[in-house]
Every structure is written in structure tokens, then in C-alpha cells.
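Architecture at a glance
Next come the chains, spelled out residue by residue.
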Amino acid sequence: MHAERKNTIIRMFNVSKRYGKMEALSNLSLEVRKNEFIFVTGPSGAGKSTMIKLLYKGESASSGAILVDGMNLARISRKQIPMLRRQFGVIFQDFKLIPTKTVFQNVALVLAVAGLKPKEIYPRVMDVLERVGIDDRAEEFPPVLSGGEKQRVAVARAMVGGPKIVLADEPTGSLDPDSAAHIFQLLRAVHEAGATVIVATHDQQMINNHDGRVVRLEKGRMAREN
Ligand SMILES: Nc1ncnc2c1ncn2[C@@H]1O[C@H](COP(=O)(O)OP(=O)(O)OP(=O)(O)O)[C@@H](O)[C@H]1O
Ligand SMILES: [Mg+2]
């Protein structure tokens, strides 16, 4: 196998996504190498969130091919989706934490679903909570936390399963600059630990301040790559 091929973790080829007549993504092709850090940027409505959703099969492409770590997303069965999702840690602007579960339980759920035993779950969850600096709030419920704290919990949840790929959709979009910078530091640490990281963001300052490849979308098409 060609060396470049072997290092590819995500390959999108001529991918389009239509919602009725609306084409959210048009013939998008992109290759992502293992352990790349990629920013996906572009104006509102450009298709950034759609691209993220297609990658973890939150939505299915209308046409084209998406390969994730060798799996063809168009071909995998419903039963294989949990296995696909375990490759990913996903972070959203609005956190998507479960309000009725504690911080600990929100993060532990990922490992429980993966079939780990409580004895194995406890130390792993406490370790990631410590790494994101939120271990002292483990027994709190999300609604009492600040936005920055909630996002740290979401990062912990994305990290705990040791995913190959971390997808973040506007992870700092609702945070103050200090909290946003902290979340970026955490994403960098995840990247340094070996994960491939894809961040959809409007935050030009963050893009300027960090190394990473920039993919710019406009009206569902690749506008520029550098
Ligand atoms: N479920 C849906 N049904 C219909 N249209 C949709 C749906 N999801 C997205 N779209 C449309 O697809 C286009 C791309 O949306 P998307 O959310 O991917 O943009 P975005 O780049 O993430 O924008 P933003 O920066 O505002 O988050 C938009 O025109 C949007 O209205
Ligand atoms: Mg979006």
C-alpha cells in the first residue's frame, strides 16, 4: 500500500448532502491524515456542521464516498454504527450534556456503553476529569456549571474512550475568551496525545494562534485549503 494512503484516516470523495432542494455540501473531497489538526471555517451556512455530522454518521451523505479508518460509511450497517462512533469523540457548541446526570456520570456513560466494568470506569473517568481540571465538580449536575466548565466536561467525555478522531463543532462559540483558550489548550493536548482533531470554527483568532491546516467552505464547497 502507498505510504500516503496508509496515513489517511478520513477520505471524503465527491461528497454531497442535500436537504430537499438545499445542497448543504457539494462535491466535497478531502483527505485527512492521521494525527492532523484541521480547522474547518467559512461563513454561516457554509456546511461546516453538516460536514462534521456526516463524518460520525449523525447524517448520511446524499452521494459520494466517506471512508473513516477504512470503513465505508455508506456500507456500514446499523449494527456497526456504535463501533464507528467509538472512533470519535464529539464536542458541540451547546455541550449536549445530560442535565439529570452528574459530571461523573456524563463522562462514565461512554465507557459503560462500551461495556467496561464500574471498577475500570471509575479511575479512567477521574483521570480525565483531572486532566481537564474539573475533578472537584464530579458530583455536580451540569446546570450549575459555567459554560467553560460544561465544555471541559464535554471535552472529558470526548476524550475518555481514547478516540482516534476528535470532532468539535464550534467548541468555543459560546465561551468567553479565557475559557475558549483553555478549551483550545485541551484540544491541543488531545492532538499531541495522538488523536486526529477536526474543529469547525468561526474564531479567526484561534485559527491564527494555532498550527493546523485550514479548510475553508463557502456555500457547501471547498473555497480554499492551506
Ligand atoms: N436538517 C436540515 N434541514 C434543512 N436544511 C439544513 C439542515 N441542516 C442544515 N441545513 C442547511 O444546510 C446549510 C449548511 O448548514 P450548516 O449547519 O452545515 O452550516 P454551518 O457552516 O455549520 O453554519 P454555522 O456557521 O451557522 O454553524 C444551511 O443552509 C442550512 O440551512
Ligand atoms: Mg454550524
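Figured I'd write up the structure that's included with this text. Bear in mind the structure is a predicted one, so any value in this text is a computation, not a measurement.

1. Overview of the overall build of the chain
For the chain, the count of helices and strands is 8 helices and 10 strands. The dimensions of the chain, computed from C-alpha atoms along their principal axes, are 45 × 40 × 40 Å. Residue burial in the chain is summarised as follows: out of 226 residues, 37% are buried. Contacts in the chain between residues at least 24 apart in sequence constitute 69% of all its contacts with a sequence separation of at least 6.

2. Re the packing of helix α4 (residues 103-113) against helix α6 (residues 147-159)
For the pair α4 and α6, interaxial distance at closest approach is 8 Å and the crossing angle is 25 degrees. Considering their axes alone, α4 and α6 lie roughly parallel with respect to each other. The crossing of α4 and α6 is right-handed. Only V153, A156 and R157 of α6 make contact with α4, whose side of the interface consists of V103, N106, V107 and V110.

3. A word on the environment of E192
Here E192 lies in helix α7 (residues 177-192). Considering only alpha carbons, one finds E192 and V155, 37 residues apart in sequence, at a separation of 15 Å.

4. Thoughts on the site of ligand 1
Close to ligand 1 lie Y19, M22, A24, S44, G45, A46, G47, K48, S49 and T50, which account for all nearby residues. Of all the secondary structure elements, the ones that give two or more residues to the shell around ligand 1 are β2 (22-33) and α2 (48-55). Tallied by class, residues from the shell around ligand 1 come to 4 nonpolar, 5 polar and 1 charged.

5. Looking at the nonpolar core
Generally speaking, a soluble globular protein has its nonpolar side chains buried in company with each other. The biggest cluster of nonpolar side chains holds 61 residues, and the ones touching the most others in it are V107, V155, A156, V166, L167 and L187. The residues contacting V107, other than those within four sequence positions of it, are V125, V128, L129, V153, A156, R157 and V160.

6. A word on the sheet that holds strand β1 (residues 8-19)
The strands making up a sheet are joined through hydrogen bonds of the backbone, oriented either antiparallel or parallel. Strand order in this open sheet of 4 strands is β2-β1-β4-β5, and the pairing throughout is antiparallel. One side of each edge strand has no neighbouring strand; the edge strands of this open sheet are β2 and β5 (71-72). Taken together, the 5 bridges between β1 and strand β4 (residues 63-68) define a ladder with antiparallel strand orientation. Counterpart to F13 in the pairing with β4 is A65.

7. A closer look at the pairing of β2
Where β1 lies against β2, 8 bridges are found, and the strand directions are antiparallel. Each residue of the ladder has a partner; that of M12, found in β2, is L30. Where β1 folds back on β2, the antiparallel hairpin that results is connected by 2 residues, among which G20 adopts a positive phi of roughly 60 degrees.

8. Quick notes on unusual backbone geometry
Here F95, not a glycine, exhibits a phi torsion of approximately 65 degrees, which is positive. Given 21 C-beta atoms within 10 Å, F95 falls into the buried group. Non-glycine residue E170 carries a positive phi angle of around 50 degrees. Here E170 is to be found in the loop between β7 (165-169) and α7.

9. Some words on helix α5 (residues 118-131)
In this model α5 runs 20 Å from its N-terminal to its C-terminal C-alpha over 14 residues, within 8% of the 20 Å that 1.5 Å per residue would give. Those residues of α5 not exposed but buried are V125, V128 and L129. Seen along its axis, α5 keeps its buried residues to an arc of 100 degrees; they face one direction. Summarising the geometry of α5, the exposed residues directed more than 90 degrees from the buried face are K119, E120 and P123. Taken together, the buried residues of α5 touch α4 and α6. Positive phi shows up at G133, right after α5, with a value of about 80 degrees.

10. Describing α2
Most of α2 is tucked away: 6 of the 8 residues are buried. Looking at α2, one finds that the buried residues are K48, T50, M51, I52, L54 and L55. Remark: K57 follows α2 within two positions and exhibits a positive phi of approximately 60 degrees.

Calculation rules
Residues numbered from 1 in each chain as written. Chains lettered and ligands numbered in written order. Predicted model: local features only at pLDDT ≥ 70, side-chain atom pairs only at ≥ 80, totals over all residues. Helix = DSSP H or I, 4+ residues; strand = E, 2+ residues; numbered from the N terminus. Buried ≥ 20, exposed ≤ 12 C-beta atoms within 10 Å, placed from the backbone. Contact = placed C-beta atoms within 7 Å. Axes fitted to C-alpha atoms, helices over the stretch in contact; angles between N-to-C directions. Parallel < 35°, antiparallel > 145°, perpendicular 65-115°, else oblique. Left-handed = near helix turned anticlockwise from the far one by under 90°. Near = placed C-beta within 6 Å. Nonpolar A, V, L, I, M, F, W, Y, C, P; charged D, E, K, R; others polar. Core = buried A, V, L, I, M, F, W, Y, C linked by C-beta atoms within 7 Å. Pairing = 2+ DSSP bridges. Expected span 1.5 Å × (residues − 1). Arc of directions from axis to C-beta.

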